Amino acid sequence: MKGLIAKKVGMTQIFDENGNLTPVTVIQVEPNTVIATKTKEANGYDAVVLGLEDVKETKVSKAYKGQFPENITPKRHLKEFRDFEKEVSVGDQIGLELFEKVSFLDVTATSKGKGFQGVMKRWGFHGGRSTHGSKFHREAGGTGNSTTPGHCVKNVKMPGRMGSERVTVQNLKIVKIDPELKVIMVRGAVPGVKNCTLIVKSAVKK
């Protein structure tokens, strides 16, 4: 598996050679630093820990700082990638060149928070009729049992907090890679707000 920590810039659109318009999401990929490597002999599995965005040593705790080698500045974002396909060592910088021969990506991020929502927006309920005298429009309807044990069972679709969840979008096609701007343009939408942190991996199902 190939993967990096990146940042969502936003959406735009580009035209191909035939003049066809494609909506794309721009993902900025700054070089990731290899913080640590794990092996089956020492840890029971193979993995690489990558870090992104420097943080002042005075801003982090002593315990957090302790996981970084002496010659590496503490990083704000850390992510462990198992079964990393590329041979790397601690201190190496990995950038866009990792995805040169990759055509599809899986992108993981925290989706936008939408606050407390009703059943129609949260679960797609149709609601009642809009006609006069219906008295049932956007309500959830019955949620309990008509007989014993007269209480709501688990996993009933009800109003509640919506969004702000970990979401993975699979098989996003890479439309363009710009090494000068350090960005990848993928076809379609990516979860999360602008400037949020993304986990970008080579597609598992392709």
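This section reports on the structure supplied with the text.

Basis of the calculations
- Residues numbered from 1 in each chain as written.
- Predicted model: local features only at pLDDT ≥ 70, side-chain atom pairs only at ≥ 80, totals over all residues.
- Heavy atoms only, no water.
- Pairing = 2+ DSSP bridges.
- Helix = DSSP H or I, 4+ residues; strand = E, 2+ residues; numbered from the N terminus.
- Axes fitted to C-alpha atoms, helices over the stretch in contact; angles between N-to-C directions.
- Contact = heavy atoms within 4.5 Å.
- Phe/Tyr/Trp six-rings, centres within 6.5 Å; stacked < 30°, edge-to-face > 60°.
- Lys NZ or Arg CZ within 6 Å of the ring centre and 35° of its normal.
- Buried < 20%, exposed > 50% of the residue type's maximum accessible area, 1.4 Å probe, protein only.

## Comments concerning the sheet that holds strand β12 (residues 197-202)
What links the strands of a sheet is backbone hydrogen bonding, and the strands pair in either a parallel or an antiparallel sense.
Step number 1: Strand order in the closed barrel made by the six strands is β1-β2-β11-β10-β7-β12, with antiparallel pairing throughout. For this sheet the average axis-to-axis angle between neighbouring strands, irrespective of direction, equals 50°.

## Considerations on the sheet that holds strand β3 (residues 32-38)
Step number 1: Spatially, β5-β4-β3-β6 is the arrangement adopted by the four strands of the open sheet, whose pairing is antiparallel. The open sheet terminates on both sides in strands that have one partner only, identified here as β5 (75-82) and β6 (93-94).
Step number 2: With seven bridges connecting them, strand β4 (residues 47-54) and β5 associate as antiparallel partners. Considered in β5, the bridge of Leu 52 is made with His 77.

## Observations concerning the side chain of Ser 202
Step number 1: Looking at where Ser 202 falls in the secondary structure, it is placed in strand β12.
Step number 2: Those residues in contact with Ser 202 that lie beyond four places of it in its chain are Met 1, Lys 2, Phe 99, Val 102, Phe 104, Leu 105 and Asp 106.

## Observations regarding the packing of aromatic side chains
Step number 1: Taken as a whole and judged by the stated rule, the model has two aromatic pairs.
Step number 2: A cation over a ring is seen here: Arg 82 above Tyr 45, with NZ or CZ 3.8 Å from the ring centre.
Step number 3: The ring of Phe 104 carries Lys 206 above its face, with NZ or CZ at 4.6 Å from the centroid.

## Side note on unusual backbone geometry
Step number 1: At Asn 171, a residue that is not glycine, the phi angle is positive and equals roughly 55°.
Step number 2: Its location among the elements puts Asn 171 in strand β10 (residues 166-178).
Step number 3: With relative accessibility at 29%, the residue Asn 171 sits in the partly exposed group.
Step number 4: A positive phi is found at Lys 182, a non-glycine position, where the angle reads about 60°.
Step number 5: Position of Lys 182 relative to the elements: it lies in the loop between β10 and β11 (183-187).
Step number 6: What makes Lys 182 partly exposed here is its relative accessible area of 33%.

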